[in-house]
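Listed below, chain by chain, are the residues.
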Amino acid sequence: MSNTFDMLQYPFAQHALIAATLIAITCGLVAPFVVMRDMAFAVHGTAELSFPSAVAGLLIASDAVSGALVGSIVVATAFALLGRRRSESNTAIGVVLAFGLGLGVFLLSFYNGFSSAATNILFGSLVSASTRDVVILGVLAVVVVITMVFIFRPLLFASVDPAVATARGVPVQRLGLIFLLLLALTVTEAAQVVGTLLVLSLAITPAAAARRWTANPLAFTAISVLFALLAADGGFLLSLALSNTDIKASVLIAFVSFGIYLISFVAERLRGDAQRGSAQVAAT
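Conventions we followed
- Residues numbered from 1 in each chain as written.
- Predicted model: local features only at pLDDT ≥ 70, side-chain atom pairs only at ≥ 80, totals over all residues.
- Heavy atoms only, no water.
- UniProt positions renumbered as here; feature names shortened; annotations may be inferred.
- Helix = DSSP H or I, 4+ residues; strand = E, 2+ residues; numbered from the N terminus.
- Expected span 1.5 Å × (residues − 1).
- Bend = angle between axes of the 7 residues up to and from the residue.
- Buried < 20%, exposed > 50% of the residue type's maximum accessible area, 1.4 Å probe, protein only.
- Core = buried A, V, L, I, M, F, W, Y, C linked by side-chain atoms within 4.5 Å.
- Contact = heavy atoms within 4.5 Å.

- By the naming in an unreviewed UniProt entry, the chain goes by Metal ABC transporter permease and is assigned to Flexivirga alba.
- The UniProt entry for the chain carries the following comment under Sequence similarities (unreviewed entry): "Belongs to the ABC-3 integral membrane protein family."

Next comes the structure, spelled out in structure tokens:
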């Protein structure tokens, strides 16, 4: 434990902890709507398709983050245009995903720099977050949080019952596009911590766990943010405690996130068994 606090005195650890916190808040806010709108595959697709644009950014300007951000926005817009109906979206994502992965591997073959730069795209590198990276993440987090506050109620309505929302005059398609763009920003952020391969551990798992505790939308979102913070910050602090090993922080974040989900799953089952037992006692 003392080793962890000692490590936190270094700027790189402070930057990493701030970055993890910003990303956790953003993911925690967006993830409930990913679950409600059944968009897990969209998260996976956006993360995977940010890979070729990140490699392109690395090749052109030695800046994988900016490349991933541009690519994610383009991909999110393409998903919205190619799959306007929910039944079409997964097919559209699958079509583009296969091409994007191939393009990423193709572009990576032209990269002659340090292999770690390419590996970080896939698995993240929280400890390499600079002051510039933290500022960028902070700006993205503010944009996502403010936008989510403004569209929360109509987006919730459109997510729960899109047909009725359309009949009531809610701009369902426009909200869907806005949410996809927010999702692109969030996935790009999360990929800096856990990489494109493990991004689901922050963009979906906290909300999936939170759903086991409540059906109230506000409580659902609050618990999702809490679980995302526990996973991101807890996983990073655990990586500092295990700094003498080669385990990446992204792996530990994924482990903590999955552990929270398992605990939530078991707790839900135990509550259900207790309620059924109480009902049987009351009936007799």
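Now that the structure has been shown, the text picks up again.
Regarding the UniProt feature "transmembrane region" (unreviewed entry) in the chain
Point 1. The feature "transmembrane region" (unreviewed entry), as annotated in UniProt, sits at residues 12–35, 55–82, 94–114, 134–156, 177–205, 217–242 and 249–267 in this numbering.
Point 2. The span residues 134–156 is 100% helical and 0% strand by assignment, and the distance between its end C-alpha atoms comes to 30 Å.
Point 3. Taken end to end, residues 217–242 is 96% helix and 0% strand, and its first and last C-alpha atoms sit 37 Å apart.

Let's talk about helix 2 (residues 11–36)
Point 1. If you check helix 2, its first and last C-alpha atoms are 38 Å apart, about what 26 residues at 1.5 Å a residue would give, namely 38 Å.
Point 2. Approximately 30° is the largest bend angle found in helix 2, and it occurs at Val30, with the proline Pro32 only one to four residues beyond.
Point 3. Most of helix 2 sits inside the fold, with 19 of its 26 residues counted as buried.
Point 4. After helix 2 finishes, the residue Asp38 shows a positive phi value of roughly 55°.

Some points on the nonpolar core
Point 1. If you look at the biggest cluster of nonpolar residues, it comprises 63 residues, and the most contacted ones within it are Phe33, Val34, Val43, Leu183 and Phe236.
Point 2. The greatest single-element share of this core, amounting to 14 residues, is contributed by helix 2.
Point 3. Non-local contacts of Val43, meaning those with residues more than four positions away in its chain, are made with Val34, Leu183, Val187, Val199, Leu200, Ala203 and Ile204.

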